[in-house]
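Take a look at the letters that make up each chain.
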Amino acid sequence: MGMKVFVLGIDIGKNVCSLVGLDASGAVVLRRRSKRETLIGMVAKLPPCIVAMEACCGAHHLGRLFAANGHDVRLMSPEYVRPYIKAQKNDDRDAEGIAEAATRPTMRFVNLKSQDALDMQTLHRSRDRLVGERTALINQLRAILLERGLIAQQGKQKLEQFLVVLMAEQGGAGLSPRMLMLIADARAQWAELDRRIAAFDAEFIRWTKENEDARRLVTIPGVGPIIASALIAAIGKGETFEHGRDLAAWLGLVPRQFTTGGRPKLLGISKRGNKYIRKQLIHGARAALPHVAERDTPLGRWAKALLERAHPNVAIVAFANKLARIAWAVLRSGEKFAIKGLPLAA
């Protein structure tokens, strides 16, 4: 190819990809469409340049192949690329907008993930799907029982205990044989889902023990193998973020605010960003906050004062925000979390 491509923007499609190349001045010097099968060979023939793509399905795999050919791969969140796409949107203009966005000095890029990190993210998504299926099954069981005047308390363990007592009763508490058969089948599905979820949890524990960064993260109160493995798979060592508050904002844990009468007023959290990790951090904060607040440490005194002046749910989200910032500091410093005034963990 005779033209000198400085930035190559690629709009990834399921079967056909659009390519737009810009020279050093920003002028378009290449427009082309290519099937996925021939895209890798086409980009390999170009001299080393910036290859820009949206961080979507298949981008990390292609990015690793392009990086192996000497290209500077830059992945961006689609929401950051959108302002650079012109009106009358189509695939070619998407690729042109991607190329232009990659040259912005303030653009935030996504780290190119390894195969191991992508595998870990896939495991987390699969586990989350199973948890959702189990929750749907539990809700359906409670609704079936409620229709027949049997009120089971909310919660997985309480429903399980209720069903054990119910199935042990003579006559099944007046339930018809077909309903007893359906409940028995649902319990078998429930047990199978529990077994499969436990297998994922065991894999997360094994991986955390083998990964040095994950072993440091689990020293933070409220952070276990699930959160540690999910965070590392998503952000690596946190190089994308300049500060811990940037990570908290990326997770949607920073409250929105506006100024009225010259004074800032805080609203609820934005709920943008990575919903899965935010959910896990809030669960971890809910479990750890009461225990942390009982300890006479700087973190414990902060947590205790927070619980005294704020609603428990607000305090939990604020503690999850702090856990995210602590996790960033642990990843960037390469040291274990240590509470001031207490000896370092062995």
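Look a little higher up for the structure.
Residues numbered from 1 in each chain as written. Predicted model: local features only at pLDDT ≥ 70, side-chain atom pairs only at ≥ 80, totals over all residues. Heavy atoms only, no water.

K.L.:
Can you walk me through the nonpolar core in this structure?
P.N.:
Of all hydrophobic cores here, the largest spans 66 residues; its most connected members are Leu-145, Leu-217, Ile-220 and Leu-281. When residues in this core are grouped by element, the largest group, 12 residues, is from helix 13 (residues 312–333). When near neighbours in sequence (up to four residues on either side) are disregarded, Leu-281 contacts Ile-227, Leu-251, Leu-253, Ala-320, Leu-323 and Ala-324. In terms of nonpolar packing, the next biggest core, distinct from the first, is built from 19 residues, Val-5, Ile-10, Val-43 and Val-51 among them. (Core = buried A, V, L, I, M, F, W, Y, C linked by side-chain atoms within 4.5 Å. Buried < 20%, exposed > 50% of the residue type's maximum accessible area, 1.4 Å probe, protein only. Helix = DSSP H or I, 4+ residues; strand = E, 2+ residues; numbered from the N terminus. Contact = heavy atoms within 4.5 Å.)

K.L.:
Sorry, what's going on with the packing of aromatic side chains here?
P.N.:
Aromatic rings in a pair are described by how distant their centres are and how their planes are angled relative to each other. Summed over the entire model, instances satisfying the criterion amount to 2 aromatic pairs. Ring geometry for Phe-241 versus Trp-250: centroids 5.6 Å apart, planes at 55°, classification tilted. Residue classification places Phe-241 among the buried positions, given a relative accessible area of 3%. We classify Trp-250 as partly exposed; its relative accessible area is 28%. Considering the side-chain rings of Trp-302 and Phe-319, the 6.3 Å spacing of their centres and the 35° angle between planes classify their relative orientation as tilted. Here the residue Trp-302 occupies a position in helix 12 (residues 298–309), and Phe-319 occupies one in helix 13, the gap between them amounting to 17 residues. When its relative accessible area of 26% is taken as the criterion, Trp-302 is described as partly exposed. (Phe/Tyr/Trp six-rings, centres within 6.5 Å; stacked < 30°, edge-to-face > 60°.)

K.L.:
What's the story with the side chain of Asp-246 in this structure? I'm lost.
P.N.:
With respect to the element layout, Asp-246 can be found in helix 10 (residues 244–250). Here Asp-246 occupies a buried position and makes no salt bridge, while the nearest side chain of opposite charge, Arg-108, is found at 4.4 Å. Residue contacts for Asp-246: discarding those within four places in its chain leaves Arg-108 and Phe-241. (Lys, Arg positive; Asp, Glu negative; His and termini not counted. Salt bridge = Lys/Arg side-chain N within 4 Å of Asp/Glu carboxyl O.)

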